[in-house]
Amino acid sequence: MKPSYTTGSCLALYLIILAWACAGPTVPIEHASRPNIFFAIADDASYPFMGAYGCAWVHTPAFDRVAREGLLFEHAYTPNAKCAPSRACILTGRNSWQLEEAANHVAYFPAKFKTALEALREHGYHTGYTAKGWAPGDPGMSGGEKRELTGINYSEIRTTPPTSGITSIDYAANFRAFLKDRESGQPFCFWYGSYEPHRGYEYGSGSRLGTTKPEEIDRVFDFWPDEDTIRQDLLDYAYELNYFDRHLERMLNLLDSLGELDNTLVIVTADNGMPFPRVKGQAYEPSNHLPLAMRWPQGIAQPGRKVDDFVSFIDFAPTFLEIAGIDTVSSGMANFSGRSLIPLFQHTTLATPFRDHILIGKERHDIGRPEDAGYPIRGIVTGHYLYLHNYHPERWPAGNPETGYLNCDGSPTKSRILNLHREHQQTVFWDMSFGLRPERELYDLRNDPDCMVNLALDPASAEILQALEDRLTRELKEEGDPRMAGKGDIFDGYPYAEDQRRHFYERFIQGALTPKDAGWVNPSDFEKVKQEVIH
């Protein structure tokens, strides 16, 4: 299939090729003009837990190779730290509050928003994915068929996983099958959507199968107890992250053997922070700050660099279109809030920073609150501060206690924190992960990266807080955030795309559901408290 171009896209493509020629070694134009895109996304992995960032207890040689031969990003953020809305931001180039239903978890994906991979396919790219694309949720229909937001699914080939917590999908073998199906000379865009290190884990598998001992973990976050249970849980996480990386290594080697690696933009990242209390599904530093490395010899000047500029997941889609020579109008996509990363590829320093802050936020994630309500947040991250505005501080941030804090995956770490609270031994860990929060939070990231000390009520920080609030509000209004127009309740009104999730709280209270009906937490996570205490 031959691609079609508009005059504008041809001009853009010419300028890109000219820039490559000035930046460094090139390949023949017939190849360089349509580079491949390989997008690898781990399921729940926080910055800085990759070897390239200096983390010695997580082994990720393939990620480290991509960083060493390309770019390592120090300030990459998702706008929304949950699977489906984060992936929607990647695919559309828009912040989650601009995506209607897709701002939520387990949503119906709006028909009005075309994805970057759909646009690439229409312009001649072979597109596909393995395992987890945009999920969970309902992508909708197009032309009488289910929409393929990330291309054709290649997940049939199986293997024997090393633990009970790891999927049997052979990611690398499915990538090989994907490559065999493309036409000769056709560029491709492949989405490697690993299910690791998403929970659940086989407890103790990290110690048993890995090479790291619990005492070798250099640091445990201050908001968790530093105990063997938590360290074992972290090693299980590290083992699954290493499994993701091993398949990445096989895929890179396959591209290398086919002579395709150097003409492929390789991106390696994660969708949101690690599946532990106070991280995944929240809005603190480890929640939204994610690992990111890119490799592309034909398009990156002076590889081996670290990039300190702030980049957002909404920058991926514009980057994909630009390197493919597709302008926004001919793509059929909605206007981007993100921007192409090409300037960071081509220039070791920019006259002005690419971006000096990131907007983050969330609406409804997992079930478990009355009337399917979410926990809306908007925030801004700068090089110095994290400011968060919690719009409904009367709601439980991780979900209601009597329904198991369902916006926090079940885990040994979660169980330990809950038990310490029940036994009245330690309350600070429960307070940080599950307790009610004030309307405003302000953290000094340089001195408090774990976000333990809220400066919002400190008179000395009042001016900083107000400046961040004003900037946040102004930019959200410019982006058309419904919450800034007093219409934030619209997000709670969008239905869950799965019948079994709708009105979970009411059905549980009435006895129609039991703790076993929530499959991603432990039954012991459900608190035995009187209903009036938790409203």
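Computed from a predicted model, the values in this text were never measured in an experiment.

1. Observations concerning the overall build of the chain
(1) Moving on: The helix and strand inventory of the chain stands at 17 helices and 17 strands.
(2) Moving on: Since a compact globule built from 535 residues should have a radius of gyration of about 24 Å, the 23 Å found for the chain is in line with a globular shape.
(3) Moving on: With respect to the three principal axes, the spread of C-alpha positions in the chain is 70 × 50 × 50 Å.
(4) Moving on: Buried positions account for 61% of the 535 residues belonging to the chain.

2. Some words on the sheet that holds strand β14 (residues 357–362)
(1) Moving on: Spatially, four strands are ordered β14-β15-β16-β17 in an open sheet, and the strand pairing comes out antiparallel. Looking at which strands have only one partner, the edges of the open sheet turn out to be β14 and β17 (440–444). Averaged over all adjacent pairs, the angle separating strand axes in this sheet is 15°, with direction ignored.
(2) Moving on: In the sheet, strand β16 (residues 385–390) pairs with β17 via five bridges, with the strands oriented antiparallel. Across the sheet, Y387 pairs through a bridge with L442, a residue of β17.

3. What about the packing of helix α6 (residues 171–180) against helix α8 (residues 228–257)?
(1) Moving on: Interaxial distance between α6 and α8 falls to 8 Å at its minimum, and their mutual angle equals 30°. Of the possible angle classes, the one that applies to α6 and α8 is roughly parallel. Here α6 runs over α8; the crossing is right-handed. Contacts between α6 and α8 involve Y171, A172, A173, F175, R176 and L179 from the former and Y243, H247, R250, M251, L254 and L255 from the latter.
(2) Moving on: Here the contact of α6 with α8 is built from residues that sort into nine nonpolar, one polar and two charged.

4. Describing helix α13 (residues 412–422)
(1) Moving on: Of the positions making up α13, those classed as buried are T413, K414, S415, I417, L418 and L420.
(2) Moving on: Those residues of α13 that are buried lie in contact with α8 and α14 (428–434).
(3) Moving on: Looking one or two residues beyond α13, the residue adopting positive phi is H424, at roughly 60°.

5. A few points about the pairing of strand β9 (residues 188–193)
(1) Moving on: The element β9 is extensively covered by neighbouring structure, given that six of its six residues are classed as buried.
(2) Moving on: Every second residue of β9 is oriented toward a common face, with F188, F190 and Y192 on one face and C189, W191 and G193 on the other, all of them buried.
(3) Moving on: Where strand β1 (residues 36–42) lies against β9, five bridges are found, and the strand directions are parallel. Residue pairing across strands places F39 opposite W191, the latter belonging to β9.
(4) Moving on: Where strand β4 (residues 126–131) lies against β9, six bridges are found, and the strand directions are parallel. Looking at β9, one finds that H126 is bridged to F188.

About the cut-offs
- Residues numbered from 1 in each chain as written.
- Predicted model: local features only at pLDDT ≥ 70, side-chain atom pairs only at ≥ 80, totals over all residues.
- Heavy atoms only, no water.
- Helix = DSSP H or I, 4+ residues; strand = E, 2+ residues; numbered from the N terminus.
- Rg over C-alpha atoms; globule rule 2.2 N^0.38 Å.
- Buried < 20%, exposed > 50% of the residue type's maximum accessible area, 1.4 Å probe, protein only.
- Pairing = 2+ DSSP bridges.
- Axes fitted to C-alpha atoms, helices over the stretch in contact; angles between N-to-C directions.
- Parallel < 35°, antiparallel > 145°, perpendicular 65-115°, else oblique.
- Left-handed = near helix turned anticlockwise from the far one by under 90°.
- Contact = heavy atoms within 4.5 Å.
- Nonpolar A, V, L, I, M, F, W, Y, C, P; charged D, E, K, R; others polar.

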